[in-house]
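Spelled out, the chains give:
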Amino acid sequence: MTRVLVPVAVLEGGSVSTGLISLLGTVDVTVLGYHILPEQTPPDQARLRFEERATSALEDISQEFAAAGGAADHRLVFTHDREQTIRRVAGEVDADAFAVPGTTGDVERILVSLSGDVDADRILSFVDSLVGDRDIGVTLFLAAGAEMPGDGAADAAASESADPGVAGDVGDGVDARLAAAADRLREAGLDVDTATAADGSPFDALIDAVPGHDAVVMGERAPSFRSFVFGEESERVAAASVGPVLVVRDRRADDESDEDTAASAADETAPAADE
């Protein structure tokens, strides 16, 4: 079963929108309650002070996800490094993706970025599982200058596929791959459009493409990933009224994350209360 990790700043009033809860109703969810500690504060000290209140909030959120349709559990972490902790726990629970919660109502269309050195096959499989048989539209997006990687199924179909809905000039080969990716999802019964951006940086292009979409799906190695997810451009993301962002994990990055995993091992993680 597909699993998504949903990090929540549980002691800072963090919450999850009803739209994201509904969107993730087709998958299993692990809610990661985290609290960022001052550099000199030991996790044990914070746990003694805050664990009961934080656990109660996590139980409530987990119950909402379970009511939406999938299995749900939770973990509680007191950490000095949010990014390392999210990556580490995502690996521990074998999550296919992790979420950056944003505010949204009912999700009618999602924007799926295939730009950059991302695992397109995993992204497409994730989107198929996420949408299922629901009436949620999908826009596959590619920024010019951020070449789309090869996808086995898409490559096989590219020479036979052409999509007049693909706008922009990013090269015939890339156009064909984007069209083949769209055909793959259409064959699974999804409502799919395609779009490209010819100008600007990949980050700017993605921000400009967000209007008209209720959530974003992107790969872990997308060119705008760090800016979009971990805050370098957080003010611009907020200004664009971005809803939830779902980041599909790239299994090719597992080996590279070993060092980060070791560095964050000092974080104290409580076991999922309902595992």
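Right above here is the structure, for reference.
Here the structure is a predicted model, which means the values were calculated and not measured.

*Asks:* Just give me the short version of the overall build of the chain, but keep the residues and values in it.
*Replies:* On a plain count of helices and strands, the chain comes out with ten helices and ten strands. For the chain, contacts bridging at least 24 residues in sequence account for 81% of all contacts bridging at least 6. Total accessible area on the chain stands at roughly 12100 Å², and carbon and sulfur atoms take up 44% of it.

*Asks:* Please provide a residue-by-residue account of helix H3 (residues 82-92), values included.
*Replies:* Burial in H3 covers these residues: Glu-83, Gln-84, Thr-85, Ile-86, Arg-88, Val-89 and Ala-90. N-capping of H3 is provided by Asp-81, with a side-chain oxygen placed 3.2 Å from the backbone N of Glu-83.

*Asks:* Tell me about the nonpolar core, residues and numbers included.
*Replies:* Among the nonpolar cores identified, the biggest contains 51 residues, and Ile-110 and Leu-140 are the most heavily contacted of them. Residues within four places of Ile-110 in sequence aside, it is in contact with Val-127, Leu-130, Val-131, Ile-136, Gly-137, Val-138, Thr-139, His-213, Ala-215 and Val-217. Within the second largest apolar cluster, 23 residues are counted, among which are Leu-32, Ala-143, Leu-206 and Val-245.

*Asks:* Let's hear about the pattern of salt bridges: which residues, and what values?
*Replies:* Overall, the coordinates contain twelve salt bridges when judged by the stated rule. When the shortest N-O distance is used, the salt bridge between Arg-88 and Glu-92 registers 3.0 Å. Here the residue Arg-88 and the residue Glu-92 both occupy positions in helix H3, the gap between them amounting to four residues, near one helical turn. Salt bridges linked by common partners bring Arg-3, Asp-28 and Asp-73 together as one network.

*Asks:* Account for unusual backbone geometry, naming residues and giving values.
*Replies:* Notably, Asp-94 is not glycine yet its phi reads approximately 55°, a positive angle. One can find Asp-94 in the loop between H3 and strand S4 (97-100). Note on Asp-94: relative accessible area 48%, which makes it partly exposed.

How each quantity is defined
Residues numbered from 1 in each chain as written. Predicted model: local features only at pLDDT ≥ 70, side-chain atom pairs only at ≥ 80, totals over all residues. Heavy atoms only, no water. Helix = DSSP H or I, 4+ residues; strand = E, 2+ residues; numbered from the N terminus. Contact = heavy atoms within 4.5 Å. Areas by Shrake-Rupley, 256 points an atom, 1.4 Å probe, with all protein chains shown as cover. Buried < 20%, exposed > 50% of the residue type's maximum accessible area, 1.4 Å probe, protein only. Polar contact = N/O pair within 3.5 Å; in protein donor to acceptor, adjacent residues only side chain to side chain. Core = buried A, V, L, I, M, F, W, Y, C linked by side-chain atoms within 4.5 Å. Salt bridge = Lys/Arg side-chain N within 4 Å of Asp/Glu carboxyl O.

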